[in-house]
Amino acid sequence: MNLHPYLEFAASLAYHAGKITLRYFNTGIKPDRKANNDPVTVADREAEAYVRAEVEKYYPGHAIVGEEYGENEEQHPFRWIVDPIDGTISFVQGVPLYGVLIALEIEGVVKVGAAYFPPLDEMLTAADGLGCWWNGRRARVSGVDKLSEACVVTSDFQHLEARQSGIVKRFEKEGALLRTWGDAYGYLLVATGRAEVALDPRMDVYDCGPYPVIMQEAGGFFGSWDGSEGHTHGEGLACNAALKPDVMKLIRGV
């Protein structure tokens, strides 16, 4: 299958949705609260509405699932996964590390992904067999093979500890550098070799839609804490290939 048109479309969606979010960034915008208390803004809603309208225009009949408007009723082997702002807290606080995430899942497997970071103008794209690209340059995970030399990123250490008590201390004991460059940007850092591990205890499909193919094509891994690949496990782990066995042991407490 020729994935080039879908890759170009995904990148275009992420870019133009990102430009919508920039209209509101650092303007003092106030968020509303969802039922689960997560923040949401008019920028989230407008950006997702744009993406959904474009998919419906150019690929009528394709399924769509997004963070703000849920899943349409289409039954189709092609499903677009949309997160209009991954890192809404960063967005609201005026921190430029939020991203727009677009993925195309074909028969349950993510084959195309784009992650765009509007304030930084960084675009990360990948498609199955076509490589991973960061602003036109080939993106690769790092070759670091010791946790003592690794940078580990997450969105919130408290959430990590709540999920698995002692996990932060185990990374610290190995000598890893821990930072909260979290949400979508942490996974970009792993894919581009500037961090080695990204770990989050909770992820919906739209929070991580493009990461499986991005990490695959960058030479790394994305999946669950038990080492299963994919985006449907409700949690997220990305790492380079060299460190995956050690990370798995550390997570298990071995």
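Residues numbered from 1 in each chain as written. Predicted model: local features only at pLDDT ≥ 70, side-chain atom pairs only at ≥ 80, totals over all residues. Heavy atoms only, no water.

1. Thoughts on the sheet that holds strand β14 (residues 220-223)
The five strands lie next to each other as β12-β11-β13-β15-β14, forming an open sheet whose pairing is mixed. For this open sheet the edge positions go to β12 (177-179) and β14, each flanked by a neighbour on one side alone. The sheet shows a mean angle of 15 degrees between the axes of neighbouring strands, taken without regard to direction. Across the sheet, helix α8 (residues 211-218) is in contact with β14 and β15 (236-240); its angle to β14 comes to roughly 160 degrees. The sheet strands contacting helix α9 (residues 244-252) are β13 (197-200), β14 and β15, and the helix crosses β15 at an angle near 140 degrees. (Pairing = 2+ DSSP bridges. Helix = DSSP H or I, 4+ residues; strand = E, 2+ residues; numbered from the N terminus. Axes fitted to C-alpha atoms, helices over the stretch in contact; angles between N-to-C directions. Contact = heavy atoms within 4.5 Å.)

2. Considering α8
Where burial is concerned, most of α8 is hidden: seven out of the eight residues are buried. Tyr-211, Pro-212, Val-213, Ile-214, Met-215, Glu-217 and Ala-218 are the residues of α8 that are buried. Backbone geometry just after α8 places Gly-219 at a positive phi near 90 degrees. (Buried < 20%, exposed > 50% of the residue type's maximum accessible area, 1.4 Å probe, protein only.)

3. Considering the pattern of salt bridges
Under the definition given, this model contains 11 salt bridges. With a closest N to O distance of 3.4 Å, Lys-34 and Glu-68 form a salt bridge. Remark: Glu-68 occurs in the loop between β3 (63-66) and β4 (70-71) and Lys-34 occurs in the loop between β1 (32-33) and β2 (39-40); sequence separation between them is 34 residues. (Salt bridge = Lys/Arg side-chain N within 4 Å of Asp/Glu carboxyl O.)

4. Comments concerning the pairing of strand β11 (residues 151-154)
Side chains Cys-151 and Val-153 project from β11 onto one buried face, and the interleaved Val-152 and Thr-154 project onto a second face that is buried too. Relative to β12, β11 runs parallel, the two being bridged by three bridges. Its bridge partner being in β12, Val-152 is matched across the sheet by Leu-178. Taken together, the three bridges between β11 and β13 define a ladder with parallel strand orientation. Across the sheet, Val-153 pairs through a bridge with Ala-198, a residue of β13.

5. Focus on the environment of Leu-189
Tracing the chain through its elements places Leu-189 in helix α6 (residues 183-191). Note: C-alpha distance between Leu-189 and Val-153 (36 residues apart in sequence) is 8.7 Å. Not counting residues within four places of it along the chain, the set of residues in contact with Leu-189 comprises Val-153, Trp-181, Arg-194 and Ala-195.

6. Section: the packing of aromatic side chains
Scanning the model with the defined rule gives 14 aromatic pairs in all. Between Tyr-6 and Tyr-59, the ring centres sit 5.3 Å apart and the planes meet at 35 degrees, which makes this aromatic pair tilted. One end of the pair, Tyr-6, is in helix α1 (residues 4-22); the other, Tyr-59, is in the loop between α2 (42-58) and β3, and 53 residues separate them in sequence. Look at Tyr-6 and you get buried, because its relative accessible area is 14%. Ring plane angle 55 degrees and centroid distance 5.4 Å describe the contact between Phe-25 and Tyr-98, whose orientation is recorded as tilted. With Phe-25 in the loop between α1 and β1 and Tyr-98 in the loop between α3 (88-93) and β6 (99-106), the pair connects residues that are 73 residues apart, well separated along the chain. (Phe/Tyr/Trp six-rings, centres within 6.5 Å; stacked < 30°, edge-to-face > 60°.)

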